[in-house]
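# Examination of the molecular architecture
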Amino acid sequence: MGEFLFLDGAFGTMAQNAGLLPGEDPFEWNAKNPQGVEAIHKSYVEAGADVVLANTFGANPLKYRGKNNLSELVKAAIRTAKLSNAKRVAIDIGPSGRLLKPAGDLSFKEAFEAFSVTVKAGVEAGADLAFVETMGDTRELKAAILAVKENSNLPIYATVSLDENGKLLTGADVECVSVLLESLDVDAYGFNCGLGPDKMEEFVRFLRAFSSKRIIVKPNAGMPRMEGGRTVFSQGPEEFAKLVLRLVDAGASIVGGCCGTTPEHIKAVKNLLEGKTAEKKNFKRSECVVSSGTSVVKLKPYSALVIGERINPTGKKALKEAYKRGDTAYVLREAVKQIDDGAEILDINCGVPGIDESSTLEGVVESVQSVVSSPLQIDTANAEALGRALFIVNGKALVNSVNGKQESMDGVFPLVKRYGGTVVALCLDENGIPSTSQGRIDIARRILDEGAKYGLKKKDFVFDALTLAVSADPTAAVVTLETVKRLTEELGVNTVLGVSNVSFGLPNRPALNNAMYALAKRAGLSAAIANPSLIREEVSDLALDVLLGRDEGCQAWIDACSGGCETSQSLPPQSAGDAPTFETLMRAIEKGLLGDAKQVAAQLLLIGTEPLKIIGEGIVPALENVGLRFEKGEAFLPQLLMAADAAGAAFGEVRKSLKTVEGEASSEKRRAHPIVIATVKGDIHDIGKNIVRALLENYGFDVIDLGRDVEPEKIVETALSSGAFMIGLSALMTTTVGAMGETICLAKERGVKAKFCVGGAVLTQEYASSIGADYYAKDAMRTVRIAEELGDMS
């Protein structure tokens, strides 16, 4: 058992109480009102907080729009926080306010560099730890954490903001977040904002099953509502503290507050926990796991899941040529098809002579993870390429590979320690591949011992027992299968095989590969690197004879295949132009294949398909399918936006042919009745608003986007001059939601007829109604549905 660690509560709520004006940036107070900032910090320390978060939540170059030097303001914030005499002062690192690619336009590197500016200034000023909070995207979360790791030695606390279904904005669930943060080896992690303590409890209990770290909770004081023109929260200090006690019972040991909480809330929590001891974390997850931005895959003995091998140019002329000409569309089709065929992880290899492997691998990883939700296996012997790919990959990837050579381990293990990952370890060393299972086991032990120096455990490895061709050595398969069995039973590790190597040089390779797959699974195989469209758990007697060394020279097998049979596993290259139908167009859009969607639409036009029919029977139904899946929780924001982009590309081709009177009249009607959207005065977080714009435009609505931090007067004037039928308002911060009510009030005074739809992380239907909004949209798709409903009425 251990001690609790108490964090502070909301800064914005206290700043508003101390005179922060509507729309004023709290970060500016570090220069304009340092005494006010210091007083807020001291009030939390006096209430019992051990840690105060410096006033740097919005401090990065992507958000800050003031005239002061950002780094100097960060330093001032840390120095002011230290005047509170808190035991520790944290750099508070909030989200950038921008969506990362592919859902947005911000690159991972740009996000990393922006967060690095804040970290460097905080370190220089003497911060004691880094607190990354309110993250809704695993990629941005990783960028912020790496910025801390690369620029400091500070302890790292990290919290994410969940919706009521336990998901991040971009679709990751609690387990997915846990896998990433455990891999990056942060010091503690958990949840903040978005939810009150009553809604957070089930997710804390769920996290307890995965976390080997201390669990952090910083819930809101319930949900907001309007009282006397002010935003207030539903839970007072005593009620809040009682609910936080339940979070402690669920496993939390680092506690504080977020929106709506005050020093009284923190004091009530500390008083209630006085005399109690915190749970000491001793859980160590033994499962071998990898993850993407939205999914987790567990590797287990005897499961033999398939790692798709089709994005590896070895023996694939068409893929080599695609890499050389930069044909990403070809690669994405292979990725999507392998997932459809049953692959759970995708191998990515770009080792083609004559190309820049590092840049190509980085680009392919970015592209593939934008259209599939499966984890990736980064497959390269190039240390620079591996580092660049691991830096930007979303989630915890498989790293293929390390081997028993000291040079290999010295090159790979530091990268895995730095960026996270599960390591594929080959049972070979400077002397080559041992001919016996004992020799391979000995190498595996040495790799485990060396990995332990970097904090890697057995669960962080998947061992490749190595498959050799039985045509060259009739005992090869027997030794491999014995090694798989011993690795599984004696060392207690997971295993992987590239099964197709076993059939090299022989006819009917798929049949032999399938037999090897089945035998290896029975021996304990965890994963097979294979073509998922061809792999089957099938064993014939003749295949068994070959693999078990009973068919001398493989002669019986060759004779049986002499009548002519398939000798290669390769598939003909797929092309978006093979079958230009509405079904192929819908598939391309639903999978987010922008290039294919554009190409199929163009081909449909070439064969004489009516443009409006392409829209009505291809583009719109595909968007509807993805939208419905999103609403059911079966698809997530990245897939939704990638589908919207693909639909936009297809529509761009069709629009060139829309010269009919009907088309022009329809377009004119849309222009005459637009939708105005804006992030309200004082708020610079426009992620939600940008998502809404993208979806509305791809559903055929004309959108006037006024941007962020928009004055009520400008919104009202635009609505009046444009004849808008709907106005969408977005706000993230509790300090700015009041500007929504101000805007709606002004609009009604000026006679605006348009309907108001509001949305944002801290909003509820009750709050929307209290400020006079006509509609509340809990997500972007709901906004589209409201617009469709209003459009039909207009």
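Here's what I pulled together on the structure shown here. This is a predicted model, so every value here is computed, not measured.

### Examining the overall build of the chain
- Each helix and strand in the chain was counted, giving 30 helices and 25 strands.
- Since a compact globule built from 794 residues should have a radius of gyration of about 28 Å, the 29 Å found for the chain is in line with a globular shape.
- Over its C-alpha atoms, taken along the principal directions, the chain stretches across nearly 90 × 75 × 40 Å.
- Classification of the 794 residues of the chain by burial places 60% in the buried group.
- The long-range share in the chain, meaning contacts at least 24 apart out of those at least 6 apart in sequence, stands at 76%.
- Summed over its atoms, the accessible surface of the chain is roughly 30600 Å², and 50% of this surface lies on carbon and sulfur atoms.
- Counting 88 positive and 103 negative side-chain charges, the chain places the centres of these two groups 2 Å from one another.

### Focus on the environment of Glu384
- By the element assignment, Glu384 lies in helix H14 (residues 383–392).
- Note: C-alpha distance between Glu384 and Ala724 (340 residues apart in sequence) is 52 Å.

### Considering the environment of Lys316
- Assignment of secondary structure puts Lys316 in the loop between strand E13 (305–308) and helix H11 (317–324).
- For Lys316, a relative accessible area of 13% translates into the label buried.
- For the pair Lys316 and Phe391, spaced 75 residues apart in sequence, the C-alpha to C-alpha distance is 27 Å.
- Among the polar contacts made by the side chain of Lys316, one reaches the main-chain carbonyl oxygen of Asn312 at a distance of 2.9 Å.

### Thoughts on empty space enclosed by the protein
- The full count for this structure, using the stated rule, is 1 cavity of 30 Å³ or more.
- Of the volumes computed, that of the largest cavity is approximately 290 Å³.
- Taken together, 25 residues form the lining of the largest cavity, with Pro102, Gly293, Gln369, Asn394 and Pro638 sitting closest to its centre.
- Of all the secondary-structure elements, those providing two or more residues to the lining of the largest cavity are helix H6 (138–151), helix H13 (357–371) and helix H24 (637–655).
- Top element by residues in the lining of the largest cavity is H13. It accounts for 3 residues.
- For the lining of the largest cavity, the residue count by class is 10 nonpolar, 12 polar and 3 charged.

### Thoughts on the layout of surface pockets
- Put simply, the second largest pocket is a space of about 1100 Å³.
- As for the second largest pocket, its lining consists of 39 residues, of which Asn312, Thr314, Asn349, Asp379 and Asn501 are closest to the centre.
- Looking at the lining of the second largest pocket, the elements that each hand over two or more residues are H14, strand E16 (398–403) and helix H15 (406–419).
- With 5 residues, the top contributor of residues to the lining of the second largest pocket is H15.
- When the residues that make up the lining of the second largest pocket are grouped by side-chain class, the tally is 11 nonpolar, 19 polar and 9 charged.

### Comments concerning the sheet that holds strand E5 (residues 156–160)
- Across the sheet, 8 strands lie side by side as E1-E10-E7-E6-E5-E4-E3-E2; this open sheet has parallel pairing. The open sheet has two edge strands, strand E1 (5–6) and strand E2 (51–53), and neither has a second partner.
- Where strand E6 (residues 188–192) meets strand E7 (residues 214–218), 5 bridges bridge the pair, whose relative direction is parallel. Note on E7: the bridge partner recorded for Phe191 is Val217.
- Seen against the sheet, helix H5 (residues 108–124) touches strand E3 (88–93) and strand E4 (129–135) and runs at an angle of roughly 165° to E3.
- Taken strand by strand, helix H8 (residues 197–208) contacts E6, E7 and strand E10 (252–255), and its axis lies near 160° from that of E6.

### Thoughts on the state of the cysteines
- All chains considered together, the criterion is met by 0 disulfides.
- Looking at the unpaired Cys757, the closest cysteine sulfur is the one in Cys745, lying at 19 Å.
- We classify Cys757 as buried; its relative accessible area is 3%.

### Overview of the sheet that holds strand E15 (residues 376–379)
- Spatially, E13-E14-E15-E16-E17-E18-E19-E20 is the arrangement adopted by the 8 strands of the closed barrel, whose pairing is parallel. The mean angle between the axes of side-by-side strands here comes to 30°, regardless of whether they run parallel or antiparallel.
- Strand direction decides the pairing type here: strand E17 (residues 422–426) and strand E18 (residues 461–464), joined by 4 bridges, are parallel. The partner of Val424 across the bridge, within E18, is Val462.

### With respect to the nonpolar core
- Core analysis: the largest hydrophobic core is formed by 250 residues, its most contacted members being Leu141, Val368, Ile378, Phe463, Leu585 and Ile589.
- Broken down by element, this core gets its largest block of residues, 10 residues, from H24.
- When near neighbours in sequence (up to four residues on either side) are disregarded, Leu141 contacts Val132, Met135, Ala158, Val160, Val177, Leu180 and Leu181.

### A short note on helix H18 (residues 509–523)
- The end-to-end C-alpha distance of H18 is 21 Å, a good match for the 21 Å that 15 residues give at a rise of 1.5 Å each.
- Summarising burial for H18: 12 of the 15 residues are buried, a large majority.
- What H18 keeps buried is the set Arg509, Pro510, Leu512, Asn513, Asn514, Ala515, Met516, Tyr517, Ala518, Leu519, Ala520 and Ala523.
- Here the buried face of H18 lies against E13, helix H17 (476–491), strand E19 (494–497), strand E20 (527–530), helix H19 (541–547) and helix H20 (555–560).
- Gly524 lies just past H18 and shows a positive phi near 120°.

### Notes on the packing of helix H23 (residues 611–631) against H24
- In contact at an axis separation of 10 Å, H23 and H24 are set at 175° when each is read in the N-to-C sense. What the angle tells us is that H23 and H24 run roughly antiparallel. Contacts between H23 and H24 involve Pro611, Ile614, Ile615, Ile619, Leu623, Val626, Gly627 and Phe630 on the former and, on the latter, Leu637, Gln639, Leu640, Ala643, Ala644, Ala647, Ala650, Phe651 and Val654.
- Among the residues making up the contact of H23 with H24, the classes are represented as 15 nonpolar, 2 polar and no charged.

### Focus on the pairing of strand E21 (residues 675–679)
- For E21, the buried fraction is high: 5 of the 5 residues fall into the buried class.
- Going residue by residue along E21, you find Ile675, Ile677 and Thr679 tucked away on one face and Val676 and Ala678 tucked away on the opposite face as well.
- Direction of pairing for E21 relative to strand E22 (residues 703–705): parallel, over a ladder of 3 bridges. Counterpart to Val676 in the pairing with E22 is Ile704.
- Read as a crossover between parallel neighbours, the route from E21 over helix H26 (residues 687–698) to E22 is right-handed.
- Note that E21 and strand E23 (residues 726–730) share 5 bridges and pair parallel. Residue Val676 lies in a different strand from E23, and its bridge partner there is Ile727.

Calculation criteria
- Residues numbered from 1 in each chain as written.
- Predicted model: local features only at pLDDT ≥ 70, side-chain atom pairs only at ≥ 80, totals over all residues.
- Heavy atoms only, no water.
- Helix = DSSP H or I, 4+ residues; strand = E, 2+ residues; numbered from the N terminus.
- Rg over C-alpha atoms; globule rule 2.2 N^0.38 Å.
- Buried < 20%, exposed > 50% of the residue type's maximum accessible area, 1.4 Å probe, protein only.
- Contact = heavy atoms within 4.5 Å.
- Areas by Shrake-Rupley, 256 points an atom, 1.4 Å probe, with all protein chains shown as cover.
- Lys, Arg positive; Asp, Glu negative; His and termini not counted.
- Charge placed at Lys NZ, Arg CZ, Asp CG, Glu CD.
- Polar contact = N/O pair within 3.5 Å; in protein donor to acceptor, adjacent residues only side chain to side chain.
- 1 Å grid on protein atoms, 1.4 Å probe; cavity = no way out; pocket = protein on both sides within 12 Å on 5 of 7 lines; lining within 4 Å.
- Points joined across faces, edges and corners; volume = space filled by probe spheres on them.
- Nonpolar A, V, L, I, M, F, W, Y, C, P; charged D, E, K, R; others polar.
- Pairing = 2+ DSSP bridges.
- Axes fitted to C-alpha atoms, helices over the stretch in contact; angles between N-to-C directions.
- Disulfide = S-S within 2.5 Å.
- Core = buried A, V, L, I, M, F, W, Y, C linked by side-chain atoms within 4.5 Å.
- Expected span 1.5 Å × (residues − 1).
- Parallel < 35°, antiparallel > 145°, perpendicular 65-115°, else oblique.
- Right-handed = clockwise from strand over helix to strand, strands pointing away.

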